[in-house]
Amino acid sequence: MQNVKKIVLAYSGGLDTSAIIPWLKENYGCEVVAFAADVGQGDEELEGLHEKAIASGASECHIVDLKEEFVSEYIFPTITTGAVYEGEYLLGTSMARPVIAKAQVEIARKVGADALCHGCTGKGNDQVRFESTFAALAPDLTVIAPWREWDMVSREDLLAYLAERNIATTASATKIYSRDANAWHISHEGGELEDPWQEPTKQVWTMTVDPEDAPNTPERVTLSFDEGKLTHVDGEALSPYQALVKLNTVAAAHGVGRIDIVENRLVGMKSRGCYETPGGTVLLKAYKALETMVLDKAALKYREQIGLEFSHVMYDGRWFTALNDALLAGAASFAKKVTGDIVVKLYKGQATVTQRRSPNSLYSEDFATFGADDVYDQKHAEGFIRLFSLSSRIEALKNQG
């Protein structure tokens with residue numbers, strides 16, 4: 001074991017981190033400071049957290065409100081890139097990790113710690129995301145990952161470890177799913193989901209109404225953007241976090257935002273997970289619909305390329321890198337034109353854009369109409385097509401010769 005005096009642990013109050021506190025004290029003989037991030041996972045997740053950390057052996061517990069920072073500085077910039085991992089995943093867990101790890105480093109500096117600790121397993125993506133942030137912001141601090149060191153391998157092992165030390169926990173050996181929640185989404189893994197042939201049961205989903213049980217009457221919501229930033233929902237001025245909370249509530253009631261996917265983890269294996277991202281699904285659809293109004297073909301194509309690359313940058317935990325900065329700067333330049341209003345219809349699990357308008361719109365009814373017009377001479381298309389296909393014509397003539 002390395003010689004460390006004070007460790008700041010990313011603490012959730014769950015079974016893993018409850019066991020980590022006494023384990024660190026026993027094996028490193030050091031002081032443990034618990035750090036918990038409020039990223040909008042819900043008040044019930046934070047209730048009693050301070051007392052639980054102290055009871056487990058922590059000397060201090062810092063609970064930091066990161067909700068507005070998370071939404072405005074990480075979620076909204078990601079939306080401007082259009083990033084969607086492997087075509088479906090809206091990056092909910094991925095986006096939260098850099099803001100949490102950054103705050104953990106700040107707490108470590110504040111309390112004079114010489115080490116950082118997380119409860120991520122050696123099989124997952126989160127260990128990479130946390131430690132990549134640590135490397136970028138605090139390369140001088142020691143990083144401790146208990147799941148890569150201790151000999152405990154199951155929930156039963158952890159429960160027995162805590163019982164031996166008379167440390168109370170609300171966890172049990174019968175927990176079915178592994179879940180991660182924040183203001184953007186909630187993820188579900190484990191249980192029957194480990195069999196890709198097994199359809200998720202109703203108990204998997206916790207945030208959204210089953211689309212089959214959703215209202216029979218559609219609901220419409222209006223989103224207003226100013227230079228890429230969501231400023232109003234249904235005409236009401238809201239902060240980024242408040243806007244997302246409202247969209248989550250409205251969209252969840254209609255069963256919007258459920259996906260069931262098999263994804264490629266960064267560490268090489270595939271995993272199956274179910275995600276609920278109601279407000280985010282609406283927000284991303286609205287943003288992309290407004291982009292189609294204001295960006296020309298070449299600009300939109302390049303923004304899509306940014307989104308594809310950025311989805312991997314975010315998923316792989318490379319937020320604090322030069323590549324991340326460059327991609328976000330490119331997306332931000334396009335976002336300056338994304339101003340206007342979008343109406344989204346919510347119905348039985350679907351979010352459908354039905355109305356769009358923008359002062360920067362490149363759409364012209366005069367040019368696009370199928371009726372008579374005075375602005376477009378259809379004869380001009382012949383010359384355009386001949387030049388556009390000239391290389392193909394030359395190649396074909398050469399082959400005929």
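For the structure, see preceding data.
Scope of this entry: the structure provided in the associated data block. (Residues numbered from 1 in each chain as written. Predicted model: local features only at pLDDT ≥ 70, side-chain atom pairs only at ≥ 80, totals over all residues. Heavy atoms only, no water.)

## Remarks on a negative patch on the surface
Thought 1: Where like charges cluster on the molecular surface, the negative patch consists of Asp43, Glu44, Glu45 and Glu47.
Thought 2: Relative to the elements of secondary structure, Glu47 occurs in the loop between α2 (43–46) and α3 (49–56).
Thought 3: For Glu47, a relative accessible area of 64% gives the class exposed. (Patch = residues over 30% accessible without salt bridge, like charges linked within 9 Å, V, L, I, M, F, W, Y side chains within 5 Å. Areas by Shrake-Rupley, 256 points an atom, 1.4 Å probe, with all protein chains shown as cover. Salt bridge = Lys/Arg side-chain N within 4 Å of Asp/Glu carboxyl O. Lys, Arg positive; Asp, Glu negative; His and termini not counted. Charge placed at Lys NZ, Arg CZ, Asp CG, Glu CD. Helix = DSSP H or I, 4+ residues; strand = E, 2+ residues; numbered from the N terminus. Buried < 20%, exposed > 50% of the residue type's maximum accessible area, 1.4 Å probe, protein only.)

## A few points about the side chain of Thr281
Thought 1: Checked against the element boundaries, Thr281 lands in helix α9 (residues 278–294).
Thought 2: Judged by its relative accessible area of 18%, Thr281 falls in the buried class.
Thought 3: Setting aside residues up to four positions removed in sequence, Thr281 forms contacts with Leu90, Val256 and Gly257. (Contact = heavy atoms within 4.5 Å.)

## With respect to the pairing of strand β12 (residues 270–276)
Thought 1: Of all seven residues in β12, six are buried, a share of seventy percent or more.
Thought 2: Strand direction decides the pairing type here: strand β7 (residues 186–190) and β12, joined by three bridges, are antiparallel. Paired with His188 across the strands is Cys274, a residue of β12.
Thought 3: Across seven bridges, strand β11 (residues 258–264) lies against β12 in antiparallel orientation. Opposite Ile261, over in β12, you have Gly273 as the bridge partner. (Pairing = 2+ DSSP bridges.)

## Side note on the state of the cysteines
Thought 1: Taken as a whole and judged by the stated rule, the model has zero disulfides.
Thought 2: Summary of cysteine pairing: Cys117 is not part of a disulfide, and the nearest cysteine sulfur, belonging to Cys30, is at 8.9 Å. (Disulfide = S-S within 2.5 Å.)

## A short note on helix α8 (residues 240–252)
Thought 1: If you check α8, its first and last C-alpha atoms are 18 Å apart, about what 13 residues at 1.5 Å a residue would give, namely 18 Å.
Thought 2: Those residues of α8 that sit buried are Tyr241, Ala243, Leu244, Leu247, Asn248, Val250, Ala251 and Ala252.
Thought 3: For α8, the secondary structure elements touched by its buried residues are α4 (67–81), β8 (219–226), β9 (229–233), α9 and β13 (340–347). (Expected span 1.5 Å × (residues − 1).)

## What to know about the nonpolar core
Thought 1: By size, the foremost hydrophobic cluster in this structure holds 83 residues, and its most contacted members are Phe70, Leu223, Val282 and Val344.
Thought 2: Looking at which element gives the most residues to this core, the answer is helix α5 (residues 92–111), with ten residues.
Thought 3: The residues contacting Leu223, other than those within four sequence positions of it, are Leu230, His232, Leu247, Val282, Leu283, Ala286, Gly340, Asp341, Ile342 and Val344.
Thought 4: Membership of the second largest hydrophobic core comes to 31 residues, among which are Ala19, Leu49, Cys117 and Leu162. (Core = buried A, V, L, I, M, F, W, Y, C linked by side-chain atoms within 4.5 Å.)

## Here we look at the sheet that holds β8
Within a sheet, each strand pairs with its neighbour through backbone hydrogen bonds, oriented either parallel or antiparallel.
Thought 1: Across the sheet, five strands lie side by side as β10-β9-β8-β13-β14; this open sheet has antiparallel pairing. Since the sheet does not close on itself, it has two edges, and those belong to β10 (236–237) and β14 (350–357), each with one partner.
Thought 2: In the sheet, β8 pairs with β9 via four bridges, with the strands oriented antiparallel. Bridge pairing links Asp226 to Lys229 in β9.

## So, the packing of aromatic side chains
The geometry of an aromatic ring pair is captured by two quantities: the separation of the ring centres and the angle between the planes.
Thought 1: The tally for this structure, following the rule as stated, stands at twelve aromatic pairs.
Thought 2: Between Trp23 and Trp150, the ring centres sit 5.5 Å apart and the planes meet at 85°, which makes this aromatic pair edge-to-face. With a gap of 127 residues between them, Trp23 in helix α1 (residues 15–28) and Trp150 in the loop between β5 (142–144) and α7 (155–164) connect regions that are remote in the sequence. Accessibility classification places Trp23 together with Trp150 in one group, the buried group.
Thought 3: Judged by centre distance (6.1 Å) and plane angle (90°), the ring pair of Tyr89 and Tyr315 falls under edge-to-face. Here Tyr315 lies in helix α10 (residues 297–315) and Tyr89 lies in the loop between α4 and α5, a separation of 226 residues in the sequence. (Phe/Tyr/Trp six-rings, centres within 6.5 Å; stacked < 30°, edge-to-face > 60°.)

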